[in-house]
Amino acid sequence: MDPRAVALLACPVCRAPFELDPSGTGVRCAAGHRVDRARQGHLTLLPPDRRPPTGDSAEMVADRVAFLSAGHYDGLTAALGQAVSSAGEVPPRTVLDLGGGTGHHLARLLDRLPGAVGLVLDASRYAARRAARAHPRAAAVVADAWARLPVLDGVADRVLVVFAPRNGPEIARVLRPGGHLVVVTPAPDHLAEIVGPLGLLRVDPAKAERLAATLEPHLARVGGSAHRWTASVQREDIATLVGMGPHARHLTPDGLAASLRHLPASTQLTISVDVTTYARVR
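Remember, it's a predicted structure, so these values are computed and weren't measured experimentally.

> Now, about the sheet that holds strand β6 (residues 117-122): what can you tell me, with residues and values included?
Strand order in this open sheet of 8 strands is β4-β7-β6-β5-β8-β9-β11-β10, and the pairing throughout is mixed. This sheet does not close on itself; its edge strands, each paired only once, are β4 (43-44) and β10 (219-234). Of the strand pairs in this sheet, β10 and strand β11 (residues 266-280) are connected by 15 bridges, and their pairing is antiparallel. From the neighbouring strand, Leu 219 faces β11, where its bridge partner is Arg 280. Its contacts with the sheet place helix α4 (residues 104-112) against β5 (94-98), β6, β7 (138-142) and β8 (156-162), and it is angled at close to 175° to β6. Of the strands in this sheet, β10 and β11 are in contact with helix α9 (residues 235-243), which crosses β10 at around 145°.

> Can you break down the state of the cysteines residue by residue, with the values?
Counted according to the given criterion, the structure contains 0 disulfides. Cysteine Cys 14 shares no disulfide, and the gap to the nearest cysteine sulfur, in Cys 29, comes to 3.7 Å.

> Can you explain the environment of Gly 32? Please cite residues and give values.
With respect to the helices and strands, the residue Gly 32 is situated in the loop between β2 (26-29) and β3 (34-36). Residue Gly 32 is classed as exposed on the basis of its relative accessible area of 56%. Considered as a pair, Gly 32 and Thr 214 are 182 residues apart in the sequence and their alpha carbons are 36 Å apart.

> Provide a residue-level description of the sheet that holds strand β1 (residues 18-20), including the pertinent values.
Paired through their backbone hydrogen bonds, the strands of a sheet run either parallel or antiparallel. Here we have 3 strands laid out as an open sheet, ordered β1-β2-β3, and antiparallel in their pairing. Of all the strands in the sheet, just β1 and β3 have a single pairing partner and so form its edges. Neighbour-to-neighbour, the strand axes of this sheet turn through a mean angle of 25°, independent of strand direction. Of the pairings in the sheet, the one linking β1 to β2 comprises 3 bridges and is antiparallel in character. When the sheet's bridge partners are listed, Leu 20 is paired in β2 with Val 27.

> Before we move on, could you go through the packing of helix α2 (residues 58-69) against α9 and cite the residues and values that matter?
Helix-helix packing: each pair is described by the crossing angle between the helix axes and the interaxial distance. Following both chains from N to C, one finds α2 and α9 inclined at 130°, their axes separated by 8 Å at the closest point. Taken as axis vectors, α2 and α9 run oblique relative to one another. Between α2 and α9 the crossing geometry is left-handed. Contacts from Met 60, Asp 63, Ala 66 and Phe 67 of α2 reach α9 at Asp 237, Ala 239, Thr 240, Leu 241 and Gly 243. Looking at the contact of α2 with α9, its residues break down into 5 nonpolar, 2 polar and 2 charged.

What counts and how
- Residues numbered from 1 in each chain as written.
- Predicted model: local features only at pLDDT ≥ 70, side-chain atom pairs only at ≥ 80, totals over all residues.
- Heavy atoms only, no water.
- Pairing = 2+ DSSP bridges.
- Helix = DSSP H or I, 4+ residues; strand = E, 2+ residues; numbered from the N terminus.
- Contact = heavy atoms within 4.5 Å.
- Axes fitted to C-alpha atoms, helices over the stretch in contact; angles between N-to-C directions.
- Disulfide = S-S within 2.5 Å.
- Buried < 20%, exposed > 50% of the residue type's maximum accessible area, 1.4 Å probe, protein only.
- Parallel < 35°, antiparallel > 145°, perpendicular 65-115°, else oblique.
- Left-handed = near helix turned anticlockwise from the far one by under 90°.
- Nonpolar A, V, L, I, M, F, W, Y, C, P; charged D, E, K, R; others polar.

What follows is the structure, given as structure tokens:
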């Protein structure tokens, strides 16, 4: 675990900075609070009065790994990287991926930012296990996005939120002055070819307005761009795509299997996302 990534973390009990324990098996703060690192490499940093959040299951995480590894969202990762690089006057040195899952996108970004370190925060311990191995300069933490984040004030040059919850006050707190939040959200025509046939959740037409409401008055929009492309996906790819996201909680396996049988063996699938950049309101 990179000591520079650990230095971004705050103790969930007393909010003091963490450092690596001399034994190398965990982290500790000056007040003596200590957290052991799981054998898979991640930390669990939840407030003592908070129940563990419900994160993605092992099956959902496995589907996410399969779909992302196939490269269907490489265009999304590229768009995210462009937004991260173009925001601000200097390249970021600290990147926080909030709700970052397996760390797939963050790892690709860190490859483009040789001097940077990253943190993946996610509610799923199964995702954190994967994220802990995603990149040598990234640390993975099980955390609750709706609680106080186990991150020190003003330490993040960039915060990423890709299809994940947005806690405006906490994001603003952990951003450095001059830092930026980069949010990726689905556009109305995202996955258009399968939404109807499979009965998937539709994108709320007022999503942009709701996004702004969750972030204001703490953060202000400073830029944005739309990205749309098509990907040739096989029927089994669509099954993993559905299984890795919120749709999986609204469909039964038998119902999904029956609907998939009505799809062609290969589909030209629309991937359509909006990438929006925000700055902290001073």
